[in-house]
Amino acid sequence: MNPTLLAIISGVIGLALGFVSLWAVRKSDRERAGWADVEEPTLSDGAAEVLAVIGRAYVVVDAVDGVVQASPGAYAMGLVRGHTVISDDLIKMIHTVRAKGIIQEREIHITRGGPSKRHQLVVDLRVAPVGDEYILVLADDRTEIARAQAVRSDFVANVSHELKTPVGAVSLMSEAIEASADDPEAVAHFTKKLQKEAKRLSALVQDIIELSRLQSTDVVRQSQLVDINNLVAESVDRNRLTAEDKSIQLQVGGSVTRPVYGDRELLGTAVRNLIENAIRYSPENTKVGIGITQRDDAIKISIKDQGPGIPEDEQDRIFERFYRVDPARSRQTGGTGLGLSIVKHVVAQHSGEITLWSVPGEGSTFTLSIPAVDRVTEQDLLETSAPA
């Protein structure tokens, strides 16, 4: 055979063998890569859709506590971060469920807000096994429900405590009157005290009823256009006799052209309570100022007294139920400790706010701010409410 031809054939064979070897190596690498590339566990589309419509936050973990899938709510609650369960309480529940194959349910507290630990979430957890591999966690944020229950319990306890004093006093006064039947002066003395305690008891019961009614009132359904000028004038008239008994002048200044939209009766209660408080805590022969202004899109009603003022460290608490800066003085003046709490609730239900300026020895100014109704909205509301 020609030596040149033999060399060419040998080169072609060598090149072919090289290509075959390279293909075999690459195939082997791909197969090894395929063995190492284990697919991450995922939920089926059907399971994910079911979880999405449950209405609760959820977490699905695998056999090694890795998060397979979690809802945005679970991240927001602080149950998981990335692919890791970070709640120690939840980890313990998951381990128990996996070991015993049972369903567990309990309530846990999750602290949020860093070292200050100011905000705690109350979360109801239900943990259950799903098949042989997964654990399903359903989470329900019950913080607001727990808070409402605590407020209700505190309210009942406070009411019971507050009612004991006037009820006990009425009982004692009646016994004293009976024992002093032959002493007209003693009877007159105890009768006067009895009347005072009876008025205090009546005011307390009325405020409790008012606060209870306020919490169950549908403001939106009962709302109407309210003329603030007339509302303030009526509130001042309702308090005029009380002011005259202490020789206190009620001075009204300012007016507004726009109405507000809300429950007229509730707004009147809030304004009357503020004026009544100003009269109660102002000395005799002084003045109480009531100002009405409109700034931007809000109508403001300010009530300024010449009372003792409120210390700065007490100002954040005065809107709490039954809280009194000076309990002894409040008992003397007939305060129930619920007036400002009622004002706060009324304002909140009307998307407004109540602010306080006060300096000890210089009096206090409470400012109630309610959104004003613009002309276009006012016309629409008038047309809607007009009889057909």
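Quantities reported herein were computed from a predicted structural model and do not represent experimental measurements. Residue numbers restart at each chain and count upward from 1, following the sequence in its written direction. Confidence filtering applies because this is a predicted model: local features only for residues at pLDDT of at least 70, side-chain atom pairs given and counted only at 80 or more, and all residues used for totals across whole chains, interfaces and linings. Note: side-chain values were computed over all heavy atoms of the structure, leaving out hydrogens and water.

Visitor: Explain the overall build of the protein to me, please; I cannot follow it from the model alone.
Guide: Secondary structure counts use DSSP, requiring at least four H or I residues in a row for a helix and at least two E residues in a row for a strand, with both numbered from the N terminus. For the protein, the count of helices and strands is twelve helices and 14 strands. Buried, partly exposed and exposed residues are distinguished by accessible area as a fraction of the type maximum, computed with a 1.4 Å probe on protein chains only: under 20%, between the cut-offs, and over 50%, respectively. Out of the 388 residues in the protein, the part that is buried amounts to 36%. As displayed, the protein has an accessible area near 23,500 Å², and 53% of this comes from carbon and sulfur atoms. Working definition of accessibility: Shrake-Rupley area with a 1.4 Å probe, residue cover restricted to the visible protein chains.

Visitor: Quick question: what am I supposed to make of the packing of helix α8 (residues 228–245) against helix α9 (residues 264–281) here?
Guide: The relative placement of two packed helices comes down to the angle between their axes together with the axis-to-axis distance. Helix axes are fitted to C-alpha atoms over the stretch in contact, other axes to C-alpha atoms as well, and angles between N-to-C directions run from 0 to 180 degrees. Remark: α8 packs on α9, axes separated minimally by 9 Å, with the N-to-C direction vectors making an angle of 40°. Viewed along their axes, α8 and α9 adopt a mutual orientation that is oblique. Here α8 and α9 pass one another in a crossing that is right-handed. Taken together, the residues of α9 that come into contact with α8 (itself represented by N230, L231, E234, S235, V236, R238, N239, T242 and A243) are R264, L267, G268, V271, R272, I275, E276 and I279. Note on terminology: angles under 35 degrees are roughly parallel, angles over 145 are roughly antiparallel, angles of 65 to 115 are roughly perpendicular, and the others are oblique. Each crossing gets its hand from how the near helix is turned against the far one by less than a right angle, where anticlockwise is left-handed and clockwise is right-handed. Residue contacts are defined here by distance: any two heavy atoms, one from each residue, within 4.5 Å place the two residues in contact.

Visitor: Even after reading the chapter, I still don't get the side chain of S282, so can you show me in this structure?
Guide: Here S282 lies in the loop between α9 and β11 (287–295). We define a polar contact as two N or O atoms separated by no more than 3.5 Å, with the added condition that, inside protein, one atom must be a possible hydrogen donor and the other a possible acceptor, whereas residues neighbouring each other in sequence contribute only through side-chain atom pairs. Only 3.2 Å separates the side chain of S282 from the backbone nitrogen of Q306, close enough to count as a polar contact. Excluding anything up to four places from it in sequence, S282 contacts K246, I248, V288, D305, Q306 and G307.

Visitor: So what exactly am I meant to see when it comes to α9 here?
Guide: Given a helix with a known number of residues, its expected span is that number minus one, times 1.5 Å. With 18 residues, α9 should cover 26 Å at 1.5 Å per step; its first-to-last C-alpha distance of 26 Å lies within 8% of that length. Put simply, D263 is the residue that caps the front of α9, since its side-chain oxygen is 3.0 Å from the backbone nitrogen of E265.

Visitor: It is not clear to me how helix α11 (residues 339–349) should be interpreted in this structure. Could you clarify?
Guide: Helical geometry note: an α-helix holds 3.6 residues per turn, so side chains three or four residues apart project in the same direction. Those residues of α11 that fall on the buried side of the exposure criterion are G339, L340, S341, I342, V343, V346 and V347. Where α11 ends, the next residue or the one after it, S351, has phi of about 60°, a positive value.

Visitor: Would you take a moment to explain the packing of α9 against α11 for this structure?
Guide: Two elements in contact, α9 and α11, have axes separated by 9 Å at closest approach and are oriented at 145°. Considering the relative orientation of α9 and α11, their crossing is left-handed. Facing α9, whose interface residues are L266, L267, T269, A270, N273, L274 and N277, α11 presents G339, L340, I342, V343, V346 and Q349.

Visitor: Help me understand unusual backbone geometry, please; the structure alone is not making it clear to me.
Guide: In most cases, non-glycine residues show a negative phi, while peptide bonds are predominantly trans. One non-glycine residue with positive phi stands out, namely S247, at about 55°. Along the chain, S247 falls in the loop between α8 and β9 (249–253). Given the relative accessible area of 42%, S247 is considered partly exposed. Unusually for a residue other than glycine, N285 sits at a positive phi of about 60°. Position of N285 relative to the elements: it lies in the loop between α9 and β11. We classify N285 as exposed; its relative accessible area is 62%.

Visitor: How should the nonpolar core be read in this particular structure?
Guide: Across soluble globular proteins, nonpolar side chains show a tendency to be buried alongside one another. What we call a nonpolar core is a set of buried Ala, Val, Leu, Ile, Met, Phe, Trp, Tyr and Cys residues that are connected through their side-chain atoms within 4.5 Å. I228, I290 and L368 are the most contacted members of the largest nonpolar core, which totals 36 residues. Those elements that provide at least two residues to this core are α8, α9, β11, β12 (298–304), α11 and β14 (363–371). Examining the composition of this core, we find that eight residues originate from one element, α9, more than from any other. Residues within four places of L368 in sequence aside, it is in contact with A270, L274, I299, K300, I301, V343, V347, E353 and I354.

Visitor: Help me out: how do you make sense of the side chain of R272 in this one?
Guide: Here R272 lies in helix α9. Despite its burial, R272 remains without a salt bridge, the nearest opposite charge being carried by E234 at 6.3 Å. Within the local environment of R272, its side chain forms a polar contact with the side chain of T269, the two groups lying 3.3 Å apart. Leave out the neighbours within four places in its chain, and R272 touches S235, R238 and N239. Here the positive residues are Lys and Arg and the negative ones are Asp and Glu; neither His nor the chain ends is included. The salt bridge definition used is simple: a Lys or Arg side-chain nitrogen within 4 Å of an Asp or Glu carboxyl oxygen.

Visitor: In this structure, what is going on with the environment of A198? I would like to understand it.
Guide: Mapped onto the fold, A198 is located in helix α6 (residues 184–215). You can call A198 partly exposed: its relative accessible area is 36%. Taking the C-alpha atoms as reference points, A198 and P166, separated by 32 residues in sequence, lie 7.2 Å from one another.

Visitor: Explain the confidence of the model for the protein here, please?
Guide: As a general rule, the predicted coordinates of low-pLDDT regions are not to be interpreted in detail. pLDDT measures how confident the predictor is about each residue, on a scale from 0 to 100. Taken residue by residue, the protein gives an average pLDDT of 77. The fraction at 70 or more is 69%. When mean pLDDT is compared element by element in the protein, β12 scores highest at 94, while helix α1 (residues 3–36) scores lowest at 47. Here residues 32–41 is a poorly scored stretch, pLDDT under 50, and it has four contacts once near neighbours within four places are set aside; other chains count. Here residues 114–118 scores under 50 on pLDDT; set against residues more than four positions off or in separate chains, the count is three contacts.

Visitor: Got a minute to help me understand the sheet that holds β9 in this structure?
Guide: Each strand in a sheet pairs with its neighbour through backbone hydrogen bonds, running either in the same direction (parallel) or in the opposite one (antiparallel). For two strands to count as paired, DSSP must find a minimum of two bridges between them. Pairing in this open sheet of five strands is mixed, and the strands run β9-β11-β12-β14-β13 from one edge to the other. Looking along the sheet, the strands with just one partner apiece sit at the ends: β9 and β13 (353–359). For this sheet, the mean angle separating the axes of adjacent strands, direction not counted, is 15°. Bridge count for β13 against β14 is seven bridges, and the pairing is antiparallel. Following the sheet pairing, L356 is matched in β14 by F366. Against the sheet, α11 engages β13 and β14, with an angle of about 25° to β14.

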